[in-house]
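Read off the chains here:
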Amino acid sequence: MRRVAPLGSGTVQDRVALAEIELCGELIIAASAAEDRLSLESIDEVLRVGEARAESGGT
């Protein structure tokens, strides 16, 4: 069973959720700075997909 911080406590315990929020923020910033739609390659770059694959040993 996962423990969740009570509402209003001001603390967040879920590191995965925090990482996802950070990546979403970076993606929003990149999209708002782009003149056109982001390409799939640009999205992968912002989300550091290649880095994650290299760290896990995948291709």
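Bear in mind the structure is a predicted one, so any value in this text is a computation, not a measurement.

Colleague: Mind showing me how you'd approach the overall build of the chain here?
Modeller: The secondary structure content of the chain amounts to 3 helices and 0 strands. When the elements of the chain are put in sequence order from the N terminus, they spell out α-α-α. Counting over 59 residues, the chain shows a buried share of 3%. Taken as a whole, the chain presents about 5500 Å² of accessible surface, with 56% of it coming from carbon and sulfur.

Colleague: Explain unusual backbone geometry to me, please; I cannot follow it from the model alone.
Modeller: Backbone geometry follows two general trends: most residues other than glycine have a negative phi, and most peptide bonds adopt the trans configuration. The phi dihedral of arginine 48 falls on the positive side, at around 55°, and the residue is not glycine. Its location among the elements puts arginine 48 in the loop between helix H2 (40-46) and helix H3 (49-56). Overall, the relative accessible area of 33% leaves arginine 48 in the partly exposed class.

Colleague: Please explain helix H1 (residues 15-33) as it appears in this structure.
Modeller: An α-helical segment advances 3.6 residues per turn. Residues three or four places apart therefore align on the same side. Here H1 contains 19 residues, and its C-alpha end-to-end distance of 27 Å stays within 8% of the 27 Å for a straight helix at 1.5 Å per residue. Where H1 begins, the capping side chain belongs to aspartate 14, and its oxygen is found 3.1 Å from the backbone nitrogen of valine 16.

Colleague: Help me understand the environment of cysteine 24 in this model?
Modeller: The residue cysteine 24 is located in helix H1 in this model. Looking at cysteine 24, the relative accessible area reads 48%, which means it is partly exposed.

Colleague: Sorry if this is basic, but what is going on with the pattern of salt bridges here?
Modeller: Any two side chains of opposite charge can pair if their charged atoms end up close together. Counted by the stated rule, this structure contains 1 salt bridge. Among the salt bridges present, the one from arginine 48 reaches glutamate 26, with a minimum N-O distance of 3.0 Å. Here arginine 48 is found in the loop between H2 and H3, whereas its partner glutamate 26 is found in helix H1, with 22 residues between them in sequence. Its relative accessible area of 25% is what places glutamate 26 among the partly exposed residues.

Colleague: Where do I start with the environment of leucine 27 in this structure?
Modeller: Here leucine 27 lies in helix H1. Here leucine 27 falls in the partly exposed class, since its relative accessible area comes to 25%. Between the alpha carbons of leucine 27 and leucine 38 there is a distance of 9.4 Å; along the sequence they are 11 residues apart. Here leucine 27 is in contact with Leu38, Ile43, Val46 and Leu47, once residues within four sequence places are set aside.

Calculation rules
Residues numbered from 1 in each chain as written. Predicted model: local features only at pLDDT ≥ 70, side-chain atom pairs only at ≥ 80, totals over all residues. Heavy atoms only, no water. Helix = DSSP H or I, 4+ residues; strand = E, 2+ residues; numbered from the N terminus. Buried < 20%, exposed > 50% of the residue type's maximum accessible area, 1.4 Å probe, protein only. Areas by Shrake-Rupley, 256 points an atom, 1.4 Å probe, with all protein chains shown as cover. Expected span 1.5 Å × (residues − 1). Polar contact = N/O pair within 3.5 Å; in protein donor to acceptor, adjacent residues only side chain to side chain. Salt bridge = Lys/Arg side-chain N within 4 Å of Asp/Glu carboxyl O. Contact = heavy atoms within 4.5 Å.

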